[in-house]
Amino acid sequence: MLRLTLLIPLLTLCAAPALAQKATKKVDFAKQIWPILEKRCIDCHKAPYVDKNGRKRKPKGRVELDTLAGIKKSKRGKVVKAGDADNSLLYEVIVLPADDEDIMPPSKKGKPLSKTQTDLIKRWIDQGANYGKWTGEKKSAKKTGKTTGKDKKTGTGDAKKNSGGGNSGSGKSSSGKSGKAEVSPLLTLSKRLKPVSQETLASFAKSPFRVRSVGDDNPLLQVTCYGQTDAIDDAALEELAPIASHIAELNLAATQITDKAGAAIARMPRLVTLDVRQTEIGNHGVAALGKCKELRRINLYGTKVGDYGLAALGNLSHLRKVHVWQTEVSANAALRLREAVPGVEVVMAADLPEPMADNGNSGRRRRR
Amino acid sequence: MTLRNLIHGTDLATRRNFLGGLAKGALGVSTAATFGNHAIAQALNAGNLTLGQDPQDPQPTLGRATAKHVIFLFMRGGMSHIDTFDPKPGKETGGPTAAINTRADGVQLGHYLPKLADQADKICVVNSMTSKQGAHEQAQYVMRTSYEMRGTIRHASLGAWHHRMAGRLNPTLPGHVVVGGGADLPSAGYFPPQYQALPIGSADAGLQNATLPRGVSEDRFLRRLKRLSKLNDAFAERHQHRGVKAYDDAYDDAVRLMRSSDLAAFDIGLESETIRAAYGNTQLGRGCLLARRLVENGVRFVEVMGGGWDTHSDNFDRLDDLCPPLDQAIAALLADLHARGLLHETLVVLATEFGRTPDIDPDNGRNHYPKAFSAMLAGGGVRGGMRYGKTDKEGREVEDGAVTIQDFNATIAFAAGIPTDHVVMSPSGRPFKVADRGDAVTEIFA
C-alpha cells in the first residue's frame, strides 16, 4: 500500500503534461524560439571558437545550438526530437526542478526559463520542430574559419580522412576539412525510412544473427554473427530477407558463405559496410555487389576474390576503402579500381614492422 | 485495487509511458534522453524484471560510433612523455633523446619508437594530458575508472562500462578481457559481477583450464554439473540475489565457452610465424597479438598491461630495454589491424598513469609527473597523423588543449558510442557516469 501511495503522485506527474499540450498555433522558430536560445543558451552552447585571450572554447557538454547543423549533429542524444518534446534533451533540461544540478540554464547563470518560454519550446518541438528558413549558418561561417585556424595550431598533423598512404597533405588541407565533411551516409539513407517492426526484430532473437540499430535510434541495422560463424552459410542469409532493405552494416567474417551469398547481399540497397573477410566468397559473389550502390567499405581480406571481382566494384561511386590483403587481386587491378573510383583506398598488404633483431628473446638488451 | 490492476487497467501505450516515467523517477534515471524510457518500459512490460537482474541493464541508445572494440595498452609505472611522444630535442629537459620524423607531417616521436614512426599516419598523439594524481596506484585507478579512489566504493572500470553499455558482440566470449595483469585487475566495481574482466595471466598460455581434466569424460562432466546445480538450486531459490545468479551465470558461460570453437581465439599459437615475429616474442607483443585475435572474434574491450616504466634512475638505459618491445608490438598491431580492415572499428589506446619529470636526476632518473604527459589513440574513427594539444618548450606545462584523464576516457567512450551523460546508480544509490564529468575531445575524429 505504501508503494501505491508513492506511485500515484508519480502517475499524475507523468500524465499531466500529456493532457496539457494541445495548443495549436504554429510556432515560428526564428521569431519565437531563437531569441530565447540566443539570450539564454548560446553563450555556452555554440560552435568551438577562440576567445580574445586565444583560448579554445568548446561548446559545453558538446551541445551546439547556434546552427541547425550543430543542433542536429549532437552525439549526446537527440537535442531536438521532432514531434517529441519529452524525449528532446533541449526540453528535458529546461524543465528540471530549479535545484536539479542538470537544469539549464544552470542556476549560476540566472533564473530558469519561465513556464511560458518552456511551454513555447515544447509546443514548437511537438509541432514537428520546424526551423523555417533558419540555419544559423551565416554566423558560423566566421566561427568555423577561426576554429580551423586554431586547429592548424593544435592539430599539427595532417587532417586527411584516409590515413592509408603517406600523408602528402600540407597544413593547408586542414582548412578544407570543414567544407568536405561528408554527412554520414547513415543519416541520409535513413531519411523517411520506417523502422523494422518490433515483431520482425524479435524474430531474430533465436537466429544466429545479431541484429541491432547502427546507433542513435537510427532505423538502419547492423548485423553481426560473432560466435555463430559455423552456423552461417549461403542458405542462412535468406533469413535476412525481411530486413534486407534496412541493413547498413553486415559482418559475415569467417562464416561458411560462398559465391552464392553475393545474390542475397545484392538485395541490400542500403548496405554501407560489408565485412566478408576470411570466407570463400570469390569473383562471382563480389561481382554481384556492384548492385549495392551505397557501399563505402568492403572487407575482402583472405577471400577468393581476384581481379575480375574487384573490377565489378568500379561502378560503386561512394566506395572509400577495400581490403584485399591475402587475395589474388593484382596491383594492376587495384590501380584500375582507383581510376574508376577516385579516392578509394585499396589495402593490399600489411605494412608489418621488421622483426626485432633478437626477436625479443634475450631478457635484457645490451647496455651501451 | 492492487498495483497490478492499476497497471494492467490502462492501455498498453499508457502503461509503457507510466512505467517508463516510473523508472525515470523511482530509479533516479534523470537523463533519460539517451536512455530511451521506451526500453525500460519494454523491459518492465515484458516481465523481465526479476530479482537478481539490474533494472538499469536495458541498454541506452548508443551513439553512432565506429569503434566496436577497444584495445587499451596500459603502460604502468608512468611512461616518460619527453622520451616517447613529446620529444624536446636540444633542451636540457630533453636529455639525450633525439626526435625522429615520422610518416606524418608534424608528428615527431622520440628515437626509441622508430617502428611506430612508420605507422604514424594512423595515430593521434595527445600531448596535453594532465592530472593531479602522482601516486601509482591512485593514478592508475583514476585512469581506469575516471574517479578518485575512495574508501567507500569500488568504481567500475572503463572496460566494464564498455561491456555493459555496448553489450557483448560474441555471446560465447567474455565481453572484457585483461591480458598480462597481476593482482591489480581493473574491477567491475558496483556493477553486477558479470561485467568483471576475464584475466589472462600470460598471453602464451592463453585461457587456462578450458578443457576437461584427464580421465573426465563428457558424460561424467555432465553428471557433475547436474549434481552441482542440484546442490545450488535450493540455495539460489532461497537467496535470490544478483551475486548468486552471477555465480551461476559464470558457470554457464564457462561451459559454453569450453564447448565453443571460439576458444581458439585465445590461442596465439595458431598464428603464422611471420605474424608472431612481427609482434615480437615479448610479453607485450604476445599480449597485443592475443588482443587482436580476441577483437577479431568480437570481444569488446581488451586491456593489455605493460609494466616497468617507473624509471627513477637510469631512465635512458631503461628505455633502451622498455621501448623496443612496445615499439614492435604496437607497430605490428596497427599494421595488422589496418590490413585486416579492423582498425576502423577498433580503437587502440596507449596510456600510462602519468608522465615523468622534465628535470633529469643526477643518476639519470626521471620522477613522477602528472602535470603534463602524453597518450596515443589510433583507429576507431580517430584521425591519423595528427597531434592534439601541446606542452611548452621544455615539456613542463600543458600550453594548449589540456586533456584531463576524465576527458580522455570520455573520448574513448565517445569513440565507442557510449553516452557520456548516461547515469548509472550504484547499489548504494550514488550516481556515476562513464567518465565522471569529462568532456570528449571530438576534434580528433574524422
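Residues take numbers from 1 onward in each chain, read along the sequence in its written order. Written order decides the labels, with chains lettered from A and ligands numbered from 1. Residue-level local features of this predicted model are given only where pLDDT is at least 70; pairs of side-chain atoms are given and counted only at 80 or more, and the full residue set underlies all totals for whole chains, interfaces and linings. Side-chain metrics rest on all non-hydrogen atoms present in the structure, leaving aside hydrogens and water.

Helix and strand definitions here come from DSSP, where helices need a minimum of 4 consecutive H or I residues and strands a minimum of 2 consecutive E residues; each element is numbered from the N-terminal end. Along the backbone of chain B there are 12 helices and 17 strands. By definition, residues are in contact when any of their heavy atoms lie within 4.5 Å. Residue pairs at least 24 apart in sequence account for 73% of intrachain contacts in chain B once pairs closer than 6 positions are excluded. Areas reported as accessible are Shrake-Rupley estimates using a 1.4 Å probe. Residue values count occlusion only from the protein chains shown. For chain B, the computed accessible surface area is about 16500 Å², with 51% contributed by carbon and sulfur atoms.

This brings us to the overall build of chain A. For chain A, the count of helices and strands is 13 helices and 9 strands. Between buried and exposed lies partly exposed: a residue is buried under 20% and exposed over 50% of the maximum accessible area for its type, with that area taken using a 1.4 Å probe on protein chains only. Expressed as a percentage of the 368 residues in chain A, the buried residues total 46%. In chain A, the proportion of contacts linking residues at least 24 apart, taken out of those at least 6 apart, comes to 55%. Roughly 19400 Å² of accessible area belongs to chain A as shown, and the carbon and sulfur atoms make up 55% of that amount.

For the rest of this paragraph, the subject is the sheet that holds strand β6 (residues 273-275) of chain A. Residue and element names in this part refer to chain A. Only strands that DSSP links by at least two bridges are regarded as paired with each other. Taken in spatial order, the 7 strands line up as β3-β4-β5-β6-β7-β8-β9 in an open sheet, and their pairing is mixed. The outermost strands of the open sheet, each flanked by one partner alone, are β3 (210-213) and β9 (345-347). Between one strand axis and the next, the sheet turns by 10° as a mean value, whatever way the strands run. Summarising the sheet, β6 and strand β7 (residues 297-299) pair through 3 bridges and their orientation is parallel. Residue pairing for β7: Leu-274 is matched across the bridge by Ile-298. The convention used is that axes are lines fitted to C-alpha atoms, helices contributing only their stretch in contact, and that angles between N-to-C directions extend from 0 to 180 degrees.

In this section: the packing of helix α2 (residues 29-40) of chain A against helix α5 (residues 115-126) of chain A. All names here are of chain A. Remark: α2 packs on α5, axes separated minimally by 10 Å, with the N-to-C direction vectors making an angle of 130°. Classed by the angle they form, the pair α2 and α5 counts as oblique. The two elements α2 and α5 meet at a crossing, and its hand is left-handed. On α5, the residues touching Phe-29, Gln-32, Ile-33 and Ile-36 of α2 are Gln-117, Leu-120, Ile-121 and Trp-124. A breakdown of the residues in the contact of α2 with α5 according to their chemical character gives 6 nonpolar, 2 polar and no charged. Our angle categories are set so that under 35 degrees counts as roughly parallel, over 145 as roughly antiparallel, 65 to 115 as roughly perpendicular, and the remainder as oblique. Handedness of a crossing follows from how the near helix is turned relative to the far one, being left-handed for an anticlockwise turn of less than a right angle and right-handed for a clockwise one. Under the grouping applied here, Gly and all other residues not named as nonpolar or charged are polar, the nonpolar ones being Ala, Val, Leu, Ile, Met, Phe, Trp, Tyr, Cys and Pro and the charged ones Asp, Glu, Lys and Arg.

On the surface, Arg-220, Arg-223, Arg-224, Arg-227 and Lys-230 of chain B cluster together to form a positively charged patch. Considering the arrangement of structural elements, one finds Lys-230 of chain B in helix α7 (residues 218-238). A residue counts toward a patch only above 30% relative accessible area and without a salt bridge, and it is joined to like-charged neighbours within 9 Å or, for Val, Leu, Ile, Met, Phe, Trp and Tyr, to nonpolar neighbours within 5 Å. When a carboxyl oxygen of Asp or Glu lies within 4 Å of a side-chain nitrogen of Lys or Arg, that pair is called a salt bridge. Asp and Glu count as negative and Lys and Arg as positive, but His and the ends of the chain are not part of the count. Charged groups are reduced to one reference atom each: NZ for lysine, CZ for arginine, CG for aspartic acid, CD for glutamic acid.

Glancing now at the confidence of the model for chain B. Averaged over all residues, the pLDDT of chain B is 84; the fraction at 70 or higher stands at 85%. The quantity known as pLDDT measures the predictor's confidence residue by residue, on a range of 0 to 100. Long-range and interchain partners of residues 1-53 of chain B, a stretch whose pLDDT sits below 50, account for 81 contacts in this model, where long-range means more than four residues apart.

Within the element layout of this structure, Asn-87 of chain A appears in the loop between α3 (68-73) and α4 (89-94). Among the polar contacts listed, one links the side chain of Asn-87 of chain A to the side chain of Asp-84 of chain A, at a separation of 2.8 Å. Under this definition, polar contacts are N or O atom pairs within 3.5 Å; protein pairs additionally need one hydrogen-donor-capable and one acceptor-capable atom, and for neighbouring residues in sequence, both atoms have to be side-chain atoms.

Right, let's talk about the packing of helix α10 (residues 283-296) of chain B against helix α11 (residues 315-339) of chain B for a bit. Residue and element names in this part refer to chain B. Closest axis-to-axis distance for the α10/α11 pair is 8 Å, and the angle between their directions is 20°. Considering their axes alone, α10 and α11 lie roughly parallel with respect to each other. You can see that α10 and α11 cross each other, and the crossing is right-handed. Two secondary-structure elements touch here, α10 through Leu-284, Gly-285, Cys-288 and Arg-292 and α11 through Leu-326, Ala-329, Leu-333, Asp-336 and Leu-337. When grouped by side-chain class, the residues that make up the contact of α10 with α11 number 6 nonpolar, 1 polar and 2 charged.

Working rule for helices: expected span equals 1.5 Å times residues minus one. The first and last C-alpha atoms of helix α8 (residues 242-258) of chain B sit 24 Å apart over 17 residues, in line with the 24 Å expected at 1.5 Å per residue. Buried within α8 of chain B are the following residues: Val-244, Ala-246, Val-255 and Leu-257 of chain B.

Right, let's talk about the nonpolar core for a bit. Residues and elements named next belong to chain B. We define the nonpolar core as a collection of buried residues of types Ala, Val, Leu, Ile, Met, Phe, Trp, Tyr and Cys that are connected through side-chain atoms lying within 4.5 Å of one another. Ranked by internal contacts, the top residues of the largest apolar core, which has 61 residues, are Phe-85, Leu-116 and Leu-350. Top element by residues in this core is α11. It accounts for 12 residues. Each domain's extent was defined by an automatic or database domain assignment. Taken together, domain 2 (69-206 + 268-444) and domain 3 (207-266) each give at least three residues to this core, which thus spans both. In this view, Leu-116 contacts Phe-85, Leu-109, Ile-123, Asp-327, Ile-330, Ala-331, Leu-334 and Met-376; residues no more than four positions away in its chain are not counted. In terms of nonpolar packing, the next biggest core, distinct from the first, is built from 48 residues, Tyr-147, Tyr-190, Phe-191 and Val-424 among them.

Let us now look at the packing of aromatic side chains. Residues and elements named next belong to chain B. In summary, the pairing rule links any two rings of Phe, Tyr or Trp, Trp by its six-membered ring, whose centres are within 6.5 Å, and it sorts them by plane angle into stacked for under 30 degrees, edge-to-face for over 60 and tilted for everything else. What the rule picks out here adds up to 15 aromatic pairs over all chains. With centroids separated by 5.1 Å and ring planes inclined at 90°, the aromatic side chains of Tyr-147 and Phe-432 adopt a geometry described as edge-to-face. Placement of Tyr-147 in the loop between α5 (136-145) and α6 (158-166) and of Phe-432 in strand β17 (residues 431-432) is noted, with a sequence separation of 285 residues between them. Residue class for Phe-432 comes out buried when judged on its relative accessible area of 5%. In this structure an aromatic cluster arises from ring pairing among Tyr-147, Trp-161, Tyr-190, Phe-191, Tyr-195 and Phe-432.

What follows concerns the pattern of salt bridges. Evaluated as defined, the whole model comprises 28 salt bridges over all chains. Members of the salt-bridge network, linked through shared partners, are Glu-271, Arg-292, Arg-293, Glu-296, Asp-336 and Arg-340 of chain B.

We now examine the side chain of Glu-271 of chain B. Residue and element names in this part refer to chain B. Following the sequence through the fold, Glu-271 ends up in the loop between α8 and α9 (273-279). Among the polar contacts listed, one links the side chain of Glu-271 to the side chain of Arg-292, at a separation of 2.6 Å. Within polar-contact distance, the side chain of Glu-271 engages the side chain of Arg-293 at 2.6 Å.

Residues and elements named next belong to chain B. Counted residue by residue, α6 has 9 buried out of 9 residues, so it is predominantly covered. Along α6, the residues that are buried comprise Leu-158, Gly-159, Ala-160, Trp-161, His-162, His-163, Arg-164, Met-165 and Ala-166. Positive backbone phi, approximately 80°, marks Gly-167, located one or two places after α6.

Turning next to the pairing of strand β1 (residues 69-75) of chain B. All names here are of chain B. In terms of burial, β1 is a largely internal element, 7 of the 7 residues being buried. Here β1 shows two buried faces, one formed by His-69, Ile-71, Leu-73 and Met-75 and the other by Val-70, Phe-72 and Phe-74. Bridge count for β1 against strand β8 (residues 346-352) is 7 bridges, and the pairing is parallel. Among the inter-strand pairings, His-69 is bridged to a residue of β8, identified as Thr-346. Sheet topology note: the β1/strand β7 (residues 301-306) ladder contains 6 bridges and is parallel. Bridge assignment links Ile-71 to a residue of β7, and that residue is Val-302.

Bringing the confidence of the model for chain A into the picture now. Residues and elements named next belong to chain A. Averaged over every residue, the pLDDT of chain A is 79; residues scoring 70 or more account for 76%. Across residues 6-22, confidence stays below pLDDT 50; counting only partners more than four residues off in sequence or on other chains, it has 11 contacts. Per-residue pLDDT stays below 50 along residues 362-368; that stretch engages in 11 contacts with residues further than four places along the chain or on separate chains.

Mapped onto the fold, Asp-233 of chain B is located in helix α7. Given the relative accessible area of 44%, Asp-233 of chain B is considered partly exposed.

All names here are of chain A. In this model, Met-104 is joined to Pro-105 through a cis peptide bond whose omega is -15°. Within the secondary structure, Pro-105 sits in the loop between α4 and α5. Even without glycine at this site, Arg-192 takes up a positive phi of about 55°. With respect to the secondary-structure elements, Arg-192 resides in the loop between α8 (185-189) and α9 (198-202).

Residues and elements named next belong to chain B. In this structure Tyr-147 comes out as buried when scored by relative accessible area, which is 11%. In this structure the C-alpha to C-alpha distance between Tyr-147 and Gln-406, which are 259 residues apart in sequence, comes to 8.0 Å. A distance of 2.9 Å separates a polar atom in the side chain of Tyr-147 from the backbone nitrogen of Lys-433.

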